[in-house]
Amino acid sequence: MRSKRQYSDFFSNAQKSMNSESIRRAEKKAENILLNLKLADLRKKMGLKQTEIPGFSQTSISRIETREDLKLSTLIGYINALGMNIEIRAFSKSGKRKKEKDRNILILKS
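Basis of the calculations
Residues numbered from 1 in each chain as written. Predicted model: local features only at pLDDT ≥ 70, side-chain atom pairs only at ≥ 80, totals over all residues. Heavy atoms only, no water. Salt bridge = Lys/Arg side-chain N within 4 Å of Asp/Glu carboxyl O. Helix = DSSP H or I, 4+ residues; strand = E, 2+ residues; numbered from the N terminus. Buried < 20%, exposed > 50% of the residue type's maximum accessible area, 1.4 Å probe, protein only. Polar contact = N/O pair within 3.5 Å; in protein donor to acceptor, adjacent residues only side chain to side chain. Contact = heavy atoms within 4.5 Å. Arc of directions from axis to C-beta. Core = buried A, V, L, I, M, F, W, Y, C linked by side-chain atoms within 4.5 Å.

Draft legend 1. How the structure looks around the pattern of salt bridges. In this structure the tally under the stated criterion is 4 salt bridges. Salt-bridge contacts for Lys109 lead to Glu87; the nearest nitrogen and oxygen are separated by 3.8 Å. Of this pair, Lys109 sits in strand β2 (residues 104–109) while Glu87 is found in strand β1 (residues 87–91), placing the two residues 22 residues apart along the sequence. A residue is classified by how much of its surface remains accessible, and Lys109, at 59% relative accessible area, is exposed.

Printed below as a string of structure tokens:
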């Protein structure tokens, strides 16, 4: 197993040799890969195979779990088909709020 130092050294060196646009694209790709892994892991944690999700074909599930961009309605349908609900909250990046109740705001609940 690699140490955290080895990974931080890698990213420090990459930033020295890559332009900011390349770094942004790499970060976006990494975020998408993590999202894809999370969706597949979520399905597996629910004890479901791709072929066992109601309302979706195996091919559709494979596409959902590997696509770079996902419509919100597709994500909601996927999560609901897993027998789960989804919540989306908005919150300030700075974390500064006047009132505790304003720290995060529920945007969507299915």
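After that view of the structure, there is still more to cover.
Draft legend 2. Fine view of helix α4 (residues 72–81). Listed as buried for α4 are Leu75, Ile76, Tyr78, Ile79 and Ala81. Note on α4: the residue one or two positions beyond its end, Gly83, has a positive phi of about 85°.

Draft legend 3. Fine view of the side chain of Arg43. Residue position: Arg43 is located in helix α2 (residues 20–45). Its relative accessible area of 7% is what places Arg43 among the buried residues. Here Leu48 takes part through its backbone oxygen, which lies 3.0 Å from a polar atom of the side chain of Arg43. Residues contacting Arg43, with those up to four places away along its chain left out, are Leu48, Lys49, Gln50, Ile53, Ile61, Glu65, Tyr78 and Leu82.

Draft legend 4. Spatial organisation of helix α3 (residues 58–66). Residues Ile61, Ile64 and Glu65 constitute the buried set of α3. End-on, the buried residues of α3 take up no more than an arc of 90°, which puts them together on one face. Along α3, exposed side chains directed more than 90 degrees from the buried face belong to Arg63 and Thr66.

Draft legend 5. Just the environment of Lys49, in detail. Mapped onto the elements, Lys49 comes out in the loop between α2 and α3. As for Lys49 and Ile61, which are separated by 12 residues in sequence, their C-alpha atoms are 9.6 Å apart.

Draft legend 6. Representation of the nonpolar core in the model. Judged by nonpolar contacts, Leu39, Ile53, Ile61, Ile64, Leu70, Leu75, Ile76, Tyr78, Ile79, Ala81, Leu82 and Ile86 together constitute the single largest core of 12 residues. Contributing elements (two or more residues each) for this core: α3 and α4. Once residues lying within four places of it in the same chain are set aside, the contact partners of Ile86 are Leu75, Ile76, Ile79, Leu108, Lys109 and Ser110.

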